[in-house]
Structure formats: C-alpha cells, structure tokens
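Structural features, examined
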Amino acid sequence: MKKYWAVFRIRFSNSLQYRAAALAGVVTQFAWGAMELLAFLAFYKANPAAFPMGFSQTVSYIWLQQAFLALFMVWFFEGEIFDAISDGGIAYDLARPVDLYSRWFCQSAATRLAKAVLRCLPILVVAFIVPAPLRLSLPAGAGQFLLFLVSMALGLGVVVSFSMIVYITTFYTLSPMGVRLIAVALGDFLAGSVIPLPFFPAPFRAVAELLPFAAMQNMPLRIYSGNIAGAAAAQGILLQLFWLAALVGLGRLMMKNALKKVVVQGG
Amino acid sequence: MKLYLRFLSMHLKSQMQYKVSFFLSMAGQFLTSFSVLLGLYFMFSRFNDVDGFTFQQSLLCFATVLMAFSIAECFGRGFDVFPLMLGNGEFDRVLVRPRRAVFQVLASKMDFTRLGRLLQAVLVFCYALPASGVTWTPDKLVTLFLMVSCGSVVFFCLFLIYAGLTFFTTEGLEFMNIFTDGAREFGRYPFSVYGRGVLSFLTFVIPLALFQYYPLLYLLDIKTSVLYMLTPVIGLLFTIPSYVFWRFGLRRYRSTGS
C-alpha cells in the first residue's frame with residue numbers, strides 16, 4: 001500500500017509545479033462556464049416551465065463542472081502510459097515489484113487531483129461572488145455536502161477506471177486512436193459534459209442514467225446542487241460503487257489476459 | 001502561390017500514406033462535433049426557440065461557424081502548433097530562408113483530417129438550408145458565402161494572434177482557446193443569446209459576431225439593410241491588427257537556443 005501512496009504523492013507534487021498553465025486554465029474555464037450559463041439563461045428566459053431542473057441547480061452544476069473539470073474529463077489520458085505500451089517501456093514497468101494496474105491507477109488519479117486542486121479554488125471563489133442569477137449557491141446542507149464529497153471521490157474512481165480500460169485496449173490494438181476517439185466522444189456526451197443529463201429527452205435519459213458514464217460527473221454535481229437528494233442520492237452512490245467495482249474488475253481481467261501474451265514492442 | 005500549392009500536394013500525399021489513421025482521425029473530428037450537434041438538438045426539442053431563433057436557424061449558425069473554423073484550422077494548423085516550432089528552434093531555420101515567415105509557417109503544416117468537421121458542416125447545411133425557411137435569392141447566397149469565407153479569415157487571424165503571443169511566452173497560452181475552440185462551440189447559437197455585453201465584445205473586439213449574428217439577421221429578413229449583408233467584409237479589418245501584432249512579436253523574437 002505504501003508504495004502506491006508514494007506513486008500518488010510523487011505524481012501529485014510533480015503536477016503541482018505547472019502553476020502558470022493552471023492560471024491560464026482557470027481563466028479559460030471560468031469564461032467557458034460563464035458562456036455556458038448565459039446560454040442556459042437565454043433558454044430559461046424563453047421558457048422557464050420547460051426547464052428540467054431549477055436554474056440555480058444548473059448554475060451550481062456548471063460552475064462545479066468547470067472547477068473540477070480535471071477530475072472528470074473523459075478525454076484526458078496520460079500520454080506516458082500509451083507510450084509505455086506502444087514503445088516497449090512497459091518491459092521495465094513489468095520488472096518492478098509493483099502491481100501495474102494499481103500503479104497506473106494511482107498515477108492517473110494523482111494527476112487529475114493535482115490539476116483540480118490548483119484550479120478549483122479561484123473558480124469557486126469567483127463563482128460565489130458574481131452577480132445574482134449566475135452566482136453559485138451553497139449546498140443544501142451539511143449532510144448533502146458530505147454525500148457530494150463521497151460521490152465526487154467515487155466519480156473520480158469511475159473516470160480513472162474507465163480510462164484504464166482504454167489504456168489496456170491498447171495492448172490489443174497497439175494504436176490507441178480508434179478506441180480512444182469513440183470512447184471519448186460517446187463518454188463525454190453521456191457523462192453530461194455537453195448538457196446535463198436532465199436535459200436529455202425522457203427515454204434517452206432513462207437509459208443514460210444507468211450507464212457507467214452517469215456515475216462520473218453527473219452524480220456528484222447533481223447531489224451538490226440538490227437535484228438529487230435523500231434516498232435518490234444514496235441510490236446513486238450505490239450505482240457509482242457498482243460501476244467502480246465492475247470497471248476495476250473488468251480492467252484487471254483484461255490486463256491479466258493481455259499480460260499473459262504481451263509482446264514488447266521495440267528493441 | 002505556386003509554391004504553396006506544391007506544399008499543399010506534398011502534405012496531402014504524406015497524410016494519405018496512413019489511410020486508416022487518417023480516416024479514423026477524421027471520423028473522430030466528426031464525432032466530437034457531432035456530440036455538440038446532438039446537445040443542440042436535445043435543447044431545442046425541449047425549448048422550441050431561444051431568443052426568437054428556431055432550431056433550424058440556429059443550425060445555420062452552427063454550420064457557418066463550424067465550416068469557417070475547420071477551413072481555418074486545416075490550413076492554419078501551422079500556427080496552432082507554432083509553440084512547438086518555436087520551442088524546438090525550428091523557427092530559426094525559417095528566418096534564414098528567403099521567404100516570408102508567415103508563408104513558411106503556413107506551409108509547414110496542413111491537417112486534412114480537420115475536414116471531418118467540414119463534412120459535418122456540409123451535411124448540416126444540406127438540412128438547414130431548405131429547412132430554415134429562408135428564400136434563397138442570389139443576394140442571400142452571396143451573404144452565406146461571405147459569412148463562411150470571411151469567418152475562416154477571422155479564425156485564421158485568431159490562430160495568428162495565438163502564434164504571435166508565443167513570441168512573448170514561448171509556451172502556448174490555453175486561454176486563447178476561448179476564442180478558437182470556444183467560439184466554435186458557442187457559435188452554435190446566434191451570439192445575441194449571450195446578452196448585450198458578450199455581443200458587443202464579439203462585435204468590436206473579436207469580430208466573431210460580424211460573420212455570424214448580423215448577416216444571419218439579413219438572411220432571416222429581420223434586417224433588410226445591405227449593411228447587414230456586408231458585415232462579414234467589415235470583419236476582414238481584423239487582419240490588420242492581427243498581422244501588426246504578429247510582426248511586432250516577430251521583431252521581438254529571441255531564439256530559444258538549441
């Protein structure tokens with residue numbers, strides 16, 4: 001356990017170094033969130049009755065999505081891991097007395113967490129002081145906030161275990177492009193990063209809410225905003241637990257299979 | 001110009017060497033903007049219109065911006081990856097050659113996979129042109145042509161500014177993405193949707209609305225003045241400050257060393 005913690009810590013402090021990049025990222029994400037919200041505001045004004053969640057809930061959803069983008073972005077992958085698989089560096093990794101799946105898992109989680117830590121605070125602070133309709137509100141209560149934290153940690157786990165599966169498919173296909181493209185385009189949309197899931201048409205939404213992608217940003221952001229509360233929140237967290245276990249199990253299985261007949265590329 | 005065509009065919013040939021990868025990347029480009037399109041469709045199937053514009057009218061904006069962007073990105077890709085060129089010292093070699101730096105950077109890279117997005121824009125146009133309820137008289141077709149062509153010039157200028165900034169920072173600056181990728185994403189609605197402040201910013205500072213919102217009003221017969229038809233042309237003025245900025249950066253350039 002200690003060595004995985006070390007991997008996590010090294011990666012975390014390593015990623016904390018890029019502060020200028022983080023600052024530029026903060027500005028971008030803030031502007032992005034503001035534009036997104038202005039568009040939602042226009043729709044809200046056009047027809048408030050058709051709005052599927054409270055407007056302030058949407059505001060919370062979008063601001064938190066931008067603040068914690070690094071935790072949940074499906075399209076972010078570690079180039080290092082792809083390289084290790086396709087250029088043969090993995091031979092060294094396999095010689096180490098560390099479980100490869102856990103190592104990569106810790107590494108990815110740490111990078112995301114470090115990016116998010118650097119970026120979330122300024123965005124949240126500004127989001128709390130912008131003028132009224134766009135202002136971020138506090139969570140519904142202490143209990144709800146606690147559920148949000150739990151759900152956020154699980155969401156991060158689901159995202160990382162999903163990207164692990166994409167890494168591992170590279171063992172089989174060598175070129176990551178194809179799988180990666182489809183996984184990203186589809187996953188991103190179904191996770192609710194283009195529009196939140198409640199905005200989907202009803203039948204589509206019913207299916208989407210059961211998929212692993214709904215266990216990513218959808219759950220924590222909606223719990224914070226109060227869109228999902230009480231028993232529904234507990235149920236959602238159970239769903240997240242289920243998908244986390246399923247994806248980790250699948251990933252480990254695929255990896256075990258792939259490593260049995262791994263061909264190291266390059267000489 | 002002849003030299004540019006030479007480069008063009010060279011890049012096309014080299015990218016065609018890896019056909020599978022080429023078409024996969026193209027499909028990827030297609031898919032990513034498809035999810036935006038799907039989001040747009042979902043929003044409009046819930047709300048019939050926004051700020052007085054219908055789904056089909058909004059699609060005209062989406063396709064115009066997407067098409068202008070993908071043309072600019074396909075040919076201006078060299079400026080998009082310019083930080084790399086600057087960082088590895090390749091740019092010093094450019095400076096000693098007897099051609100303009102802008103030309104050489106322009107010719108250094110072309111990315112035809114970006115045409116995946118262009119294809120999508122064409123498909124959306126195929127649907128939206130008849131469905132938007134516009135009667136397509138010759139002057140309206142000219143307007144549409146101006147929107148797309150001047151739009152890609154504006155996007156191209158944004159790439160030029162982005163590259164010019166790297167003379168000062170060496171690293172690419174992520175916040176410029178707001179004006180390039182962001183404009184592509186947010187251009188799916190007429191820019192007036194975002195309120196007065198944003199609209200005037202996009203009119204007078206970064207002239208994105210000049211080739212999207214104002215000519216759209218002309219297309220939809222909301223405004224009949226010829227001025228609205230010609231706003232995309234006014235947007236071409238943006239080339240002046242962008243080029244001046246690039247020159248200014250170029251003069252301050254100090255090599256990064258090897």
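Residues numbered from 1 in each chain as written. Chains lettered and ligands numbered in written order. Predicted model: local features only at pLDDT ≥ 70, side-chain atom pairs only at ≥ 80, totals over all residues. Heavy atoms only, no water.

For chain B, the name recorded in an unreviewed UniProt entry is ABC-2 type transport system permease protein, with Sporobacter termitidis DSM 10068 as its organism.

By the naming in an unreviewed UniProt entry, chain A is ABC-2 type transport system permease protein, taken from Sporobacter termitidis DSM 10068.

Section: the confidence of the model for chain B
Of all residues in chain B, 98% have pLDDT values of 70 or greater, and the mean over the chain is 85. We note a pTM of 0.86 for the whole complex and an ipTM of 0.84 for its interfaces. (pLDDT = per-residue confidence, 0-100.)

Quick notes on the interface of chain B and chain A
The interface is formed by 30 residues belonging to chain B together with 34 residues belonging to chain A. Roughly 2700 Å² of surface becomes buried between chain B and chain A when both sides are summed, with 80% attributable to carbon and sulfur atoms. Scanning the region where chain B abuts chain A turns up 1 salt bridge. Note that Arg188 of chain B is salt-bridged to Glu36 of chain A, the shortest N-O span being 3.4 Å. Here chain B is connected to chain A by 4 residue pairs in polar contact (both at pLDDT 80 or more). Looking at the side of chain B that touches chain A, the elements with two or more residues in it are helix 2 (19–46), strand 1 (49–50) and helix 9 (181–186) of chain B. It is helix 2 of chain B that contributes the most residues to the side of chain B that touches chain A, 14 residues altogether. (Contact = heavy atoms within 4.5 Å. Buried area = accessible area lost by both parts, 1.4 Å probe. Salt bridge = Lys/Arg side-chain N within 4 Å of Asp/Glu carboxyl O. Polar contact = N/O pair within 3.5 Å; in protein donor to acceptor, adjacent residues only side chain to side chain. Helix = DSSP H or I, 4+ residues; strand = E, 2+ residues; numbered from the N terminus.)

A closer look at the pattern of salt bridges
Residues and elements named next belong to chain B. Applying the stated criterion across every chain, the model contains 9 salt bridges over all chains. Ionic pairing is found between Lys140 and Asp221, a salt bridge with its closest N-O pair at 2.9 Å. Remark: Asp221 occurs in the loop between helix 11 (213–219) and helix 12 (226–235) and Lys140 occurs in helix 8 (residues 138–169); sequence separation between them is 81 residues. The exposure class of Lys140 is buried, given its relative accessible area of 4%. Classification of Asp221 by relative accessible area gives partly exposed; the value is 46%. A salt bridge links Arg184 to Asp181; its shortest N-O distance comes to 3.2 Å. (Buried < 20%, exposed > 50% of the residue type's maximum accessible area, 1.4 Å probe, protein only.)

Quick look at helix 7 (residues 115–131) of chain B
Residues and elements named next belong to chain B. Taking 1.5 Å per residue as the helical rise, helix 7 with its 17 residues ought to reach 24 Å, and the 24 Å between its terminal C-alpha atoms agrees with that figure. If you check which residues of helix 7 are buried, you get Gly116, Arg117, Gln120, Ala121, Val124, Phe125 and Ala128. Here the buried face of helix 7 lies against helix 2, helix 3 (55–80), helix 8 and helix 9. Phi for Gly133, located one or two positions after helix 7, is positive at around 80 degrees. (Expected span 1.5 Å × (residues − 1).)

Thoughts on the side chain of Ser161 of chain A
The residue Ser161 of chain A is located in helix 8 (residues 142–173) in this model. Classification of Ser161 of chain A by relative accessible area gives buried; the value is 0%.

With respect to the packing of aromatic side chains
Counted according to the given criterion, the structure contains 55 aromatic pairs over all chains. Ring geometry for Phe204 of chain A against Phe42 of chain B: centres 5.0 Å apart, planes inclined by 70 degrees, an arrangement best described as edge-to-face. With Phe204 of chain A in helix 10 (residues 202–208) and Phe42 of chain B in helix 2, this pair bridges two chains. When its relative accessible area of 36% is taken as the criterion, Phe204 of chain A is described as partly exposed. (Phe/Tyr/Trp six-rings, centres within 6.5 Å; stacked < 30°, edge-to-face > 60°.)

What to know about the side chain of Arg222 of chain A
Residues and elements named next belong to chain A. Following the sequence through the fold, Arg222 ends up in helix 11 (residues 218–225). Within the structure, Arg222 has its side chain in polar contact with the side chain of Asn218 (distance 2.9 Å). For Arg222, the side chain forms a polar contact with the side chain of Asn227, separated by 2.8 Å. The contacts of Arg222, once residues within four sequence positions are left out, are Tyr61, Leu197, Pro198, Arg205, Glu209, Asn227 and Ile228.

Description of the packing of helix 8 of chain A against helix 12 (residues 230–260) of chain A
Residue and element names in this part refer to chain A. As a packed pair, helix 8 and helix 12 sit with axes 9 Å apart at the nearest point and diverge in direction by 20 degrees. What the angle tells us is that helix 8 and helix 12 run roughly parallel. For the element pair helix 8 and helix 12, the recorded crossing hand is left-handed. For the contact of helix 8 with helix 12, the per-class residue count stands at 20 nonpolar, 10 polar and no charged. (Axes fitted to C-alpha atoms, helices over the stretch in contact; angles between N-to-C directions. Parallel < 35°, antiparallel > 145°, perpendicular 65-115°, else oblique. Left-handed = near helix turned anticlockwise from the far one by under 90°. Nonpolar A, V, L, I, M, F, W, Y, C, P; charged D, E, K, R; others polar.)

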